[in-house]
Amino acid sequence: MASIAYEEFERLLDEFVVKSVHLETRDTYRTAIELPHIAQWTAGEPDDLAWLQGWCATVRDHVSAGRSVRRARIVSEPLSDYQRWSHSIAAPMVEAGEDIRWVPRRLTSSVAIPGNDFYLLDNRLVIFLHYAGSGVATDRVTSIDPHDIQLCRTAFEAVWRLATPHRDYRPS
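Rules of the game
- Within every chain, residues take consecutive numbers counted from 1 along the sequence as written.
- For a predicted model such as this one, the threshold for reporting local features is a pLDDT of at least 70, and the threshold for listing and counting side-chain atom pairs is 80 or more; totals across whole chains, interfaces and linings nevertheless cover every residue.
- The side-chain numbers reported here are obtained from all heavy atoms of the structure, hydrogens and water having been left aside.
- Numbering of helices and strands runs from the N terminus, with a helix taken as a DSSP run of H or I at least four residues long and a strand as a DSSP run of E at least two residues long.
- Based on C-alpha atoms, the radius of gyration is set beside the globule rule, defined as 2.2 Å times the residue count to the power 0.38.
- Partly exposed residues are those whose accessible area sits between 20% and 50% of the maximum for their type, while under 20% is buried and over 50% is exposed, using a 1.4 Å probe and protein chains only.
- Two strands make a pair as long as DSSP finds a minimum of two bridges between them.
- Any pair of residues with heavy atoms lying within 4.5 Å of one another is described as a contacting pair.
- Every axis in this analysis is a line fitted to C-alpha atoms, fitted for helices over the stretch in contact. Angles between the N-to-C directions lie between 0 and 180 degrees.
- Planes of paired rings set the category: under 30 degrees apart is stacked, over 60 is edge-to-face and the rest tilted, where pairs are Phe, Tyr or Trp rings (Trp by its six-membered ring) whose centres lie within 6.5 Å.
- Buriedness of a pocket was judged along seven lines, with at least five required to meet protein on both sides within 12 Å; pockets are open sets of points on a 1 Å grid over the protein atoms alone, cavities are sets where a 1.4 Å probe fits but cannot get out, and lining residues have an atom within 4 Å of a point.
- Grid points are joined across faces, edges and corners, and a volume is the space filled by probe spheres set on the points.
- In this classification, Asp, Glu, Lys and Arg are treated as charged, Ala, Val, Leu, Ile, Met, Phe, Trp, Tyr, Cys and Pro as nonpolar, and every other residue, Gly included, as polar.
- Between Lys or Arg on one side and Asp or Glu on the other, a salt bridge is scored when a side-chain nitrogen of the former is within 4 Å of a carboxyl oxygen of the latter.

Caption draft 1: Here's a closer look at the overall build of the chain. Per the secondary structure count, the chain includes 6 helices and 8 strands. When the elements of the chain are put in sequence order from the N terminus, they spell out β-α-β-α-α-β-α-α-β-β-β-β-α-β. Computed over the C-alpha atoms, the radius of gyration of the chain is 16 Å, within 12% of the 16 Å expected from 2.2 N^0.38 for a compact globule of 172 residues. Principal-axis analysis of the C-alpha atoms places the extent of the chain at approximately 45 × 35 × 30 Å. Buried residues in the chain amount to 45% of all 172 residues.

Here is the structure:
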């Protein structure tokens, strides 16, 4: 496994050939780009979501080229403030073509899940995302180990079968 810089991470997310799957398992994240927008939401202030347009354009490019972009979110219910906010801003990403689905954590008790969130690109490369307890990202680590790839593929598909599409998910 090898740590990669954020720029390499972004490049890999731009350059996959067939499909990208992303499993999120945390109830709270504290990414630098999101913090001011979460603060706006918490204060009840409007957000035009212009900051999301870069990702939405990337997703649209992938989808128009025939590539698949899927994200599954395992969440505790009732949702954390972070996940409530995340749910409230997901529509533009879904409209761009990212298939985002939600699954209550209680439904995943018998699913073997890797210890870290991950992206699996083209079933050939895993990018594990490491976070501090506070939700701050600390590292991105790649693996091409067949065991890691199989674990992540199996975990993602098991969670996906339990998940509800964003348009149908109603947080409790």
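Right, picking up where we left off after that structure.
Caption draft 2: Region of the structure containing the sheet that holds strand β6 (residues 125-131). In spatial order, the strands read β1-β7-β6-β5-β2-β3-β4-β8; together these 8 strands make up an open sheet with mixed pairing. Each end of this open sheet is capped by a strand with a single partner; those strands are β1 (2-3) and β8 (164-165). Where strand β2 (residues 19-24) and strand β5 (residues 117-121) come together, 4 bridges link them in antiparallel fashion. Bridging across to β5, S20 finds its partner in L121. Packing of helix α6 (residues 146-162) onto the sheet brings it into contact with β2, β3 (68-75), β4 (99-104), β5, β6, β7 (137-143) and β8, and relative to β3 it is tilted by some 75°.

Caption draft 3: Fine view of the packing of aromatic side chains. One pass over the full model with this rule turns up 8 aromatic pairs. Between the aromatic rings of W51 and W85, the centroid separation amounts to 6.0 Å while the plane-to-plane angle is 5°, which identifies the pairing as stacked. You can see W51 sitting in the loop between α2 (35-42) and α3 (53-64) and its partner W85 sitting in helix α4 (residues 81-89), a full 34 residues away along the chain. Plain terms: the ring middles of W102 and Y169 are 5.4 Å apart, the flat faces sit at 5° to each other, and that makes the pair stacked. Residue W102 is located in strand β4, and its partner Y169 is located in the segment after β8; the two are separated by 67 residues in the primary sequence. In this structure an aromatic cluster arises from ring pairing among Y29, W51, Y82, W85 and Y131.

Caption draft 4: Spotlight on the layout of surface pockets. Taken as a whole, the largest pocket encloses approximately 880 Å³ of empty space. Residue lining of the largest pocket: 32 residues in total, with Y6, F9, I33, E34 and Y119 positioned closest to the centre. Elements that contribute at least two residues to the lining of the largest pocket include exactly α1 (6-15), β2, α3, β3, α4, β5, β6 and β7. In terms of residue count, α1 provides more of the lining of the largest pocket than any other element does, 5 residues in total. Partitioning the lining of the largest pocket into residue classes produces 17 nonpolar, 6 polar and 9 charged.

Caption draft 5: Examining the pattern of salt bridges more closely. Taken as a whole and assessed by the stated rule, the structure comprises 10 salt bridges. Between R71 and E24 there is a salt bridge, and its shortest N-O distance comes to 2.8 Å. Taken together, the residues span a long stretch of sequence, with R71 in strand β3 and E24 in strand β2 at a distance of 47 residues. A relative accessible area of 7% places R71 in the buried class. Across the pair E24 and R73 runs a salt bridge, and its minimum N-O distance is 2.7 Å. Of this pair, E24 sits in strand β2 while R73 sits in strand β3, and the two are 49 residues apart along the sequence. There is no split in this pair, since E24 and R73 are both buried. The network of salt bridges with common partners includes E24, R71, R73 and E98.

As far as function goes, none of this settles anything; it's purely spatial.
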